[in-house]
Amino acid sequence: MAKEERFVKQITLKSEDFSRWYLEIIRKTEMADYAPIKGIMVIRPYGYTIWENIQRLMDRRIKETGHVNAYFPLFIPESFLKKEMEHLEGFAPEVAWVTQGGQELLEERLAVRPTSEAIIGSMYAKWIQSYRDLPVLINQWANIVRWEKVTRPFLRTTEFLWQEGHTAHETAEEAQAETIKVLHMYKDFAEAELAIPVIEGRKSSRERFAGATETYAIEALMSDGKALQMGTSHNLGQHFSQVFDIRFEDREQKQQFVWQTSWGVSTRLIGALVMTHGDDSGLRIPPQVAPIQVVIVPISLGNWKESVLPVAVAVEEELRGSGLRVRLDAREEFTPGWKFSEWEMRGVPLRVEIGPKDVKENRAVLARRDIPRKDFAGLEGLAQQVKKALQEIQASLYDQALKFQQENTRNISDYQEFKEVIEAKRGFIRSWWCGDGACEDKIKEETMATIRVIPFGQETQEGAGDCVYCRRKGCELAYFARAY
Ligand SMILES: [Zn+2]
C-alpha cells in the first residue's frame, strides 16, 4: 500500500516544474501515451472520452448554426496544393508525402492532409453552379498530419484530431459574418463547456493563416502565464475560389467567385483544459466534459460489504439513472485514502463518500475537486444535490480561471516594463501597437512575446497611446504574450 500511495504523490509539483508536471499528469492519468513513432501520441480512453465529450458538445453547436458534416479524402494531390503558392509555402515544411502505393511508385506525390482547403475547394468547384447552391456550410471531423520538429502531447503533435469547417457564400459580407459567428461559437464553447475564459480578436498579418484574408482566434491564458491559441476562424475571401475556380451564376446571371471561410478546433483543447485547471494534486476537469463526473467511494470499515456497499450500489444506480457519468470504486485492494488521491489526480469533479456512520444517518459526504470542501447530503434526492454541486463546480472553475486571467493581464505602455513583465511574470500584456510587422518582429526577437490577438471594440478603448516599441502614433490595442 505504501508503494501505491507514493505513486499518486509522485507527481512533480506544478508550482515547481510546470512543463514536467504537464507531461507526468497526462501519462499518469492515462490520457495519452507516446507512440513508437517520434512526435506521435496515442490518446488513451480517459483522454479520448474527454475528446468525445468535446466533440458531442461542439458538434451540437456546429449543427445548431446550420452546418452539416461530411468527410473528404486524407490524400491531396501535390498539384492541388501547388495551385495556391502562399498556401503551399505555408505548409510545405510540415507536409508528409506518400510516394508509393503498394509496389508502385506514384506518378504524382500525395500529401497527407495538413488541412483541407485544397481538396474541398476542388469539390466545391464541381458542386456550386448557381447562387441557389449557396451557402455551402460543411464541417468535417478528421485527423491531420503536420510533421512537427518539437512536440508535446495534445499541444503539438505530428498527427492530431480536429474539426474543420469550410463554407462558401454569395457575398463578402456573408463570409465575414460567418467567420465571426463561428469565432463567437468557439468562445461560447470554451467558456461554457471547458470553463476557460478566452480573448477573441483578429490576428496580425504575421500570424495569419496561409492564404487567408483575415484570421481570427480565441486565446486563453494557461496557468503558467503562457498563452494558448484555442481555435481559429479564417475569412478566405476569394483567394481559394479564384485558384480552384469555384464560380457561381449570381442573381444577375453573371459569373462570380464564391467567398469562403474555414475554421477549426483540435485535440489541443484537451491540453488547454489540463494547463488551465490542473493543480499540484493533478487534473481538475470541468463536469461538462469529465469522463467521470462523480466517483463513489464506499468507506471500507467493519462489515462494510454488507452495510455500506449495497447503499453505494443503490446511489450509483440512482445517479446513473439521472443521466450522470458515475463510477463506483469498490476495489478491495486499495484504501479509501488512496482512492481519494487517485480520483483527485484524475480530476473527477465530485466524490461521494459513504461510510458506516453515513449509512446510519441516511446521508453521504460530497467532496469537491474545485475547492477543498466537504458537505453532507441526505440520500433522499441525492441526484439533485449532486447535479447542483456539479453546476457550482463548473462555474467555480471558470471563475478561478477568469480571476487568474484578469490578475495576469496588464496594460503596459513602456517597453522596458514590457520586457521585465514578460520575463518575470508573463501573462497577457495589453499594449498599443502601430501595426508595423517590423515592430512585431523586434518584440518577438527581444522578448519571445507575440501578438496573440487584436481585440474587437477598439473604438471603445480609451485614447490610443503610442506604439510600445517605436512610439509612433495611430495605434491599435493588442494582446501580447509568450505562447505555446
Ligand atoms: Zn511600432
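Scroll up a little and you will see the structure.
Let me begin by describing the structure that accompanies this report.

### Section: the side chain of Arg 351
Along the chain, the position of Arg 351 falls in strand S17 (residues 350-354). For Arg 351, a relative accessible area of 8% gives the class buried. A polar atom in the side chain of Arg 351 sits 3.1 Å from the side chain of Glu 344. Apart from the residues within four sequence positions on either side, Arg 351 is in contact with Val 295, Val 297, Phe 340, Glu 344, Val 365, Leu 366, Ala 367 and Lys 374.

### Things to note about the coordination of the zinc ion
Coordination of the zinc ion by the protein involves Cys 434 (SG), Cys 439 (SG), Cys 467 (SG) and Cys 470 (SG), with metal-donor separations of 2.3 to 2.4 Å. If you look at the zinc ion, its four donor atoms make angles of 103 to 122° with each other, and the shape they trace is tetrahedral. Taken in chain order, the donor set of the zinc ion reads C-x4-C-x27-C-x2-C. Classification of Cys 434 as buried rests on a relative accessible area of 18%.

### Things to note about the pattern of salt bridges
What the rule picks out here adds up to 40 salt bridges. One salt bridge connects Glu 193 with Arg 61, and the closest N-O pair in it is separated by 2.7 Å. Taken together, the residues Glu 193 in the loop between helix H7 (172-192) and strand S9 (199-202) and Arg 61 in helix H3 (residues 45-64) connect sequence positions 132 residues apart. A single burial state applies to Glu 193 and to Arg 61, both of which are buried. Here Arg 369 makes a salt bridge to Asp 279, at a shortest N to O gap of 2.8 Å.

Cut-offs applied
Residues numbered from 1 in each chain as written. Predicted model: local features only at pLDDT ≥ 70, side-chain atom pairs only at ≥ 80, totals over all residues. Heavy atoms only, no water. Helix = DSSP H or I, 4+ residues; strand = E, 2+ residues; numbered from the N terminus. Buried < 20%, exposed > 50% of the residue type's maximum accessible area, 1.4 Å probe, protein only. Polar contact = N/O pair within 3.5 Å; in protein donor to acceptor, adjacent residues only side chain to side chain. Contact = heavy atoms within 4.5 Å. Donors = N, O, S within 2.8 Å, 3.2 Å for Na, K, Ca; no water. Tetrahedral: all angles 85-135°; square planar, octahedral: opposite > 155°, others 65-115°. Salt bridge = Lys/Arg side-chain N within 4 Å of Asp/Glu carboxyl O.

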